[in-house]
Amino acid sequence: MDRAQFTSSIKEKARELGFNLIGISPVDSFPENQFYKEWLNKGFSGEMAYLERNPEKREDIQNVLPGAKSVISCAMNYNTDYPYSIEKTDKTKGWISRYAWGDDYHDTIKDGLKILMDYISSEFSDEVKSKLYVDTGPVLERTYGKYAGVGWVGKNTCLINQEIGSWIFLGEIITNIELEYDTPAPDRCGTCTRCIDACPTDAIIEPYVLDSRLCISYLTIELKDKIPSELREGVQNNIYGCDICQDVCPWNKRAHVSDKTEFQPREDLFNPDLSYISKLTVEEFRKQFKGSPIKRTKRRGLLRNAVVAMGNSGEKDFIPYIRECLGDEEPLIRAHAVWALWKIEGGQAKNILVSHMKTETDEMVNDEIDDILSSI
Ligand code: B12
Ligand code: SF4
Ligand code: SF4
């Protein structure tokens, strides 16, 4: 097989494995690498310390795989035939972002890439060296996706494909063989600014630049501590991730739907009752979210988010659930319950909070109560 034939056989195999888009870029030093460093220096990565690790690998993929020549970028559509988060109206329910409705994509994508990698080794030669990554590696996946022609990086910073939109997961194989390369897709955002206008926390601080510290996805998934009080209202009823800047994107209006069973919502879990989430025990959480991306937040993170959403609903029916959370063993949940109680009850929460303070031993929770009492 010559290089062109081999390249198309890899793409064909990837399609057989369920990848919707496959593109190949040469290993190169792209201008985006510089942007990444500036992004980190400005503190936009927040507490995601893993993004600062292995800078030499992100800078030069040769440090990931010596002799690397090509990056094969594969994308899998995870869109399902369910409503958009901007259509949600019931504030007594939480909203989970689309990518987390089904099974953990890391496993699905990794399994496919592993078979593809084995195919390349068996069809090419024993000297081929390859590595695969999905999400967690030191690879700027959107940048490589862009140069492989999979899509362009939109103003919302997501990789968007002209045909199927941005509801896609990315994964890649880095290899030491030379292949035929694709050309980058042109930017098709034009004068549109819908994502920037729709973001409730103004996290897209300028086109193509996202400050994670303001992003609901970061606040509800990555941040392990308290959600800053000034940002809690903006979180609305998003209890795991956020899709708003993609929901409004015109390129997603005709997004294809995936038939992968792995990505279909678990028992309508895209829009769960907040009261149900707030009562989950450690054991129930484990059972409910086994094999789901949601396990990342652990129970404490998800309940923190649900309590914030209950506060944002303004719904008095939630008071008994919030009071239950005020007695939770996790200080993080108690601290947000303090806020949620105040958010719904205002000054009327004073007596409950004063009395709770008498037995509260955690400094973070007491600080939260102090802040609220001084504002009442
Ligand atoms: C950290 C991280 C986050 C952070 C930061 C996101 C961000 N925008 O940077 C948080 C937690 C906020 C996040 C959220 C989400 N994430 Co995320 N995340 C990542 C991760 C692990 C690293 C991304 C990163 O390095 N960010 C730093 C910025 C600076 O880099 P970048 O986004 O790659 O941007 C490059 C380009 O934007 C380019 N660039 C583009 N335009 C321009 C313009 C100018 C002027 C310049 C100079 C540069 C430039 O330069 C940048 C650096 O190379 C990647 C996986 C990976 N290893 O790449 C997944 C990844 C980006 N996330 C993904 C997903 C699905 C999400 C969410 C949709 C999940 C959700 N529903 O909540 C949201 C989307 C939010 C959004 N609008 O981006 C997918 C994206 C798929 C896609 N279609 O783009 C990825 C690729 C995971 C995967 N394997 O599928 N994520
Ligand atoms: S994911 Fe949500 S919070 Fe983050 S930039 Fe998009 S709209 Fe804003
Ligand atoms: S909403 Fe508009 S500006 Fe934002 S990514 Fe989509 S096309 Fe680009």
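Residues numbered from 1 in each chain as written. Chains lettered and ligands numbered in written order. Predicted model: local features only at pLDDT ≥ 70, side-chain atom pairs only at ≥ 80, totals over all residues.

**Student:** Explain the overall build of the protein chain to me, please; I cannot follow it from the model alone.
**Tutor:** Looking only at helices and strands, one finds 16 helices and 10 strands in the protein chain. Taken over the C-alpha trace, the protein chain has a radius of gyration of 23 Å; the compact-globule value for 376 residues is 21 Å, and the two agree within 12%. Counting across all 376 residues of the protein chain, residues that qualify as buried make up 44%. Relative to all contacts within the protein chain whose residues are 6 or more apart in sequence, the contacts with residues 24 or more apart total 77%. (Helix = DSSP H or I, 4+ residues; strand = E, 2+ residues; numbered from the N terminus. Rg over C-alpha atoms; globule rule 2.2 N^0.38 Å. Buried ≥ 20, exposed ≤ 12 C-beta atoms within 10 Å, placed from the backbone. Contact = placed C-beta atoms within 7 Å.)

**Student:** Could you clarify how one ought to interpret the packing of helix α13 (residues 319-326) against helix α14 (residues 331-345) in this entry?
**Tutor:** The relative placement of two packed helices is expressed as an angle between their axes plus a distance between the axes. Interaxial distance between α13 and α14 falls to 8 Å at its minimum, and their mutual angle equals 150°. Judged by the inter-axis angle, α13 sits roughly antiparallel to α14. Considering the relative orientation of α13 and α14, their crossing is left-handed. Along the contact surface, α13 presents I319, I322, C325 and L326, while α14 presents I333, R334, A337, V338, A340, L341 and I344. Classifying every residue of the contact of α13 with α14 gives 10 nonpolar, no polar and 1 charged. (Axes fitted to C-alpha atoms, helices over the stretch in contact; angles between N-to-C directions. Parallel < 35°, antiparallel > 145°, perpendicular 65-115°, else oblique. Left-handed = near helix turned anticlockwise from the far one by under 90°. Nonpolar A, V, L, I, M, F, W, Y, C, P; charged D, E, K, R; others polar.)

**Student:** Is there a simple way to explain the site of ligand 1 in this structure?
**Tutor:** By nearness alone, 36 residues border ligand 1, and E32, S97, Y208, S217 and G241 come closest of all. Of all the secondary structure elements, the ones that give two or more residues to the shell around ligand 1 are α2 (32-41), α5 (141-147), β7 (168-175) and α7 (216-222). Of the residues assigned to the shell around ligand 1, the class counts are 21 nonpolar, 9 polar and 6 charged. (Near = placed C-beta within 6 Å.)

**Student:** Got a minute to help me understand the sheet that holds β7 in this structure?
**Tutor:** The pairing of strands in a sheet happens through backbone hydrogen bonds and is either parallel or antiparallel. Across the sheet, which stays open at both edges, the 4 strands sit in the order β1-β2-β7-β4 with antiparallel pairing between neighbours. Only two strands of the sheet have a single neighbouring strand rather than two, namely β1 (21-26) and β4 (130-133). Across the sheet, the axes of successive neighbouring strands diverge by a mean angle of 20°, strand direction being ignored. Here 6 bridges tie β1 to strand β2 (residues 70-77), and the two strands are oriented antiparallel to one another. Across the sheet, S25 pairs through a bridge with V71, a residue of β2. Each of β1 and β2 is contacted by helix α1 (residues 3-16), which is oriented at about 145° to β1, the strand it contacts most. The strands that helix α4 (residues 105-123) touches are β2, β4 and β7; relative to β7, the one it contacts most, it runs at about 30°. (Pairing = 2+ DSSP bridges.)

**Student:** What's the story with the nonpolar core in this structure? I'm lost.
**Tutor:** Counting 103 residues, the largest nonpolar core has I168, V307, I322 and V338 as its most contacted members. Looking at this core element by element, the count peaks at 10 residues for α14. For this core, the domains that each give at least three residues are domain 1 (3-77 + 102-175) and domain 2 (273-376). Sequence-distant contacts of I168, defined by excluding residues within four places in its chain, comprise L21, A75, M76, N77, Y78, L159 and N161. (Core = buried A, V, L, I, M, F, W, Y, C linked by C-beta atoms within 7 Å. Domains from an automatic or database assignment.)

**Student:** In this structure, what is going on with the pairing of β2? I would like to understand it.
**Tutor:** Regular strands place their side chains on alternate faces of the sheet. Taking burial as the measure, the 8 residues of β2 include 8 buried ones, the bulk of the element. Side chains S70, I72, C74 and M76 of β2 all project onto a buried face; the interleaved residues V71, S73, A75 and N77 project onto the opposite face, where all are buried too.

**Student:** Would you take a moment to explain the site of ligand 3 for this structure?
**Tutor:** Around ligand 3, the neighbouring residues are G154, K155, N156, C189, C192, T193, R194, C195, V248, C249, P250 and W251. Considering only residue class, the shell around ligand 3 consists of 7 nonpolar, 3 polar and 2 charged.

**Student:** Help me out: how do you make sense of the environment of F289 in this one?
**Tutor:** Here F289 shows up in the loop between α11 (282-288) and α12 (298-313). Residue F289 is classed as buried on the basis of its C-beta count, with 22 C-beta atoms lying within 10 Å. Sequence-wise, F289 and G102 are 187 residues apart; in three dimensions their C-alpha atoms are separated by 9.5 Å. Leaving out residues up to four positions away in the same chain, F289 has contacts with I294 and K295.

**Student:** Would you mind going over the domain arrangement of the protein chain with me for this structure?
**Tutor:** The figure often quoted for interface size is the accessible area lost as the parts come together. We note that the domain assignment places domain 1 (3-77 + 102-175) and domain 2 (273-376) within the protein chain. Look at where the C-alpha atoms of domain 1 and domain 2 centre, and you get two points 39 Å apart.

**Student:** Quick question: what am I supposed to make of α13 here?
**Tutor:** Here α13 has its buried residues at Y321, I322, C325 and L326. The arc that holds the buried residues of α13, viewed along the axis, is 150°, so those residues lie on one side. Contacts made by the buried residues of α13 are with α10 (274-278), α12, α14 and α15 (350-357). (Arc of directions from axis to C-beta.)

**Student:** What is the right way to read unusual backbone geometry from this model?
**Tutor:** Most peptide bonds take the trans form, and the phi angle of most residues other than glycine is negative. Although it is not a glycine, D202 adopts a positive phi angle of roughly 50°. Checked against the element boundaries, D202 lands in the loop between α6 (194-198) and β8 (204-206). A positive phi angle, close to 75°, is found at Y208, a residue other than glycine. Considering the arrangement of structural elements, one finds Y208 in the loop between β8 and β9 (209-210).

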